[in-house]
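# Coordinates in review
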Amino acid sequence: MTKVENSFQKITTVEQAIEYVDHAATLMIGGFGGVGSPPSLIDGLIESGKSNFTLICNDSGFPHIGAGKLVSQGRIQKLIASHIGSNPVAGTLMTEEKLEVEFSPQGTLAERIRAGGVGLGGVLIDVGIENDIIQFGKEKVEIDGKTFLVEKPLTADVAFVYAKKADPFGNLLYDKSARNTNPLMAMAGRITIAEVDEIVPLGDIDPENVMTSGVFVDYIVPSKGVNWKWVWE
């Protein structure tokens, strides 16, 4: 490692990274049904014993896969997601009023996260304008004779993302569909921690292939690998 690479000081351990997560923090965790979710960081958070989080995630994963492990263990007090259908534990906790769930249509959720990452005050959406549940408590505005809901931006105290490769500065390359929500969440975390399969020397990732710039990444954690078997296996 060159002197320039070493100066960035972003590479750390799971244990050290988890210290940046406070009890009852707001978390973003990348992934779609577990694909693209950071397994080592999720396990490290479970082992830390911390809880009462607000979790922003595409979905509630599966009971033993992805962010679903945190939900199933009762570590989440509020979940903001597009659906929870793949995790029956989440449904049970919600009906027992042990888990608050805020549903946001998938595209709207992605836009809210993007808005938070780029500093917008919100986005105007017409999806769900006639749905009492989706529109409840939201401001409406009219533009050129059309009514929109104002969807507020989403940010997090800490964002966990998962990438295939990183260089020491934190430039990230994702693996195919594992890219999903990760680039958006990387921008929207006050602290962004990237778990990666491989750390390569600075300059090894073609600038044209960088999917998240290192300016958004605060810490890099080498992954211990996915440690679950998919439900369809």
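Refer to the structure printed above.
Residues numbered from 1 in each chain as written. Predicted model: local features only at pLDDT ≥ 70, side-chain atom pairs only at ≥ 80, totals over all residues. Heavy atoms only, no water.

## Some thoughts on helix H6 (residues 106-118)
This is how it is decided: For helices the rule is a DSSP run of H or I covering at least 4 residues; for strands it is a run of E covering at least 2, with both sets numbered from the N terminus onward. A helix is expected to span 1.5 Å for every residue after the first. Burial classes: relative accessible area under 20% of the type maximum marks a residue as buried, over 50% as exposed, and values in between as partly exposed (1.4 Å probe, protein chains only). Read the arc as the range of directions from the helix axis to the C-beta atoms.
With 13 residues, H6 should reach 18 Å at 1.5 Å per residue; the first-to-last C-alpha distance of 19 Å fits that figure. Looking only at H6, the buried set comprises Thr108, Leu109, Arg112, Ile113, Ala115 and Gly116. Viewed along the axis of H6, the buried residues span an arc of 160°, placing them on a single side of the element.

## Digging into the environment of Val200
Stated formally: Between two residues, a contact is recorded if the distance between any of their heavy atoms is within 4.5 Å.
Note on placement: Val200 falls in the loop between strand S10 (189-199) and strand S11 (219-222). Put simply, Val200 and Lys165 are 35 residues apart on the chain and 6.9 Å apart in space, counted from C-alpha to C-alpha. With sequence-adjacent residues up to four places away left out, Val200 is seen in contact with Lys165, Ala166, Asp167, Pro168 and Ile205.

## Examining the nonpolar core
Selection rule: Buried Ala, Val, Leu, Ile, Met, Phe, Trp, Tyr and Cys residues that are joined via side-chain atoms within 4.5 Å together make up what is termed a nonpolar core.
Grouped together as the largest cluster of nonpolar side chains are 30 residues, with contacts concentrated most on Leu55 and Phe160. The greatest single-element share of this core, amounting to four residues, is contributed by helix H3 (residues 39-48). Once you skip the residues sitting within four places of it in the chain, Leu55 turns out to touch Leu27, Ile29, Ala67, Val71, Ile76, Lys78, Leu79 and Ile80. One finds Ile56, Leu154, Val161 and Ile220 within the second-largest nonpolar core, a separate group that totals 20 residues.

## Some words on the packing of aromatic side chains
The test is simple: Side-chain rings of Phe, Tyr and Trp, where Trp is taken by its six-membered ring, are said to pair if the distance between their centres is within 6.5 Å; with planes under 30 degrees apart they count as stacked, over 60 as edge-to-face, and otherwise as tilted. For a Lys NZ or an Arg CZ to count as sitting over a ring, it must be within 6 Å of the ring centre and within 35 degrees of the ring normal.
Scanning the entire structure with this criterion turns up one aromatic pair. An angle of 20° between the planes, with centres 4.4 Å apart, marks the rings of Tyr20 and Tyr219 as stacked. One end of the pair, Tyr20, is in the loop between helix H2 (14-18) and strand S1 (26-29); the other, Tyr219, is in strand S11, with 199 residues separating them in the sequence. Its guanidinium or amino end placed over the ring of Phe169, Lys10 lies 4.2 Å from that ring's centre, counting from NZ or CZ.

## Brief notes about the pattern of salt bridges
We count it as follows: Think of a salt bridge as a Lys or Arg side-chain nitrogen and an Asp or Glu carboxyl oxygen that are within 4 Å of each other.
For the structure on display, the rule yields eleven salt bridges. Of the charged contacts in the structure, one is a salt bridge between Glu102 and Arg112, with a shortest N-O distance of 3.0 Å. Residue Glu102 is located in strand S4 (residues 100-103), and its partner Arg112 is located in helix H6; the two are separated by ten residues in the primary sequence.

## Structural notes on the environment of Gln16
Within the secondary structure, Gln16 is located in helix H2. When the C-alpha atoms of Gln16 and Tyr219 are compared, they prove to be 9.8 Å apart, with 203 residues separating the residues in sequence.

## Notes on the pairing of strand S3 (residues 76-81)
Looking along a regular strand, one sees side chains alternate from face to face of the sheet. This is how the line gets drawn: By definition, two strands form a pair when at least two bridges between them are found by DSSP.
Summarising the sheet, strand S2 (residues 53-56) and S3 pair through four bridges and their orientation is parallel. What sits directly across from Phe53, in S3, is Ile76. Of the strand pairs in this sheet, S3 and S4 are connected by four bridges, and their pairing is parallel. Looking at the pairing, Lys78 lines up with Glu100 of S4.

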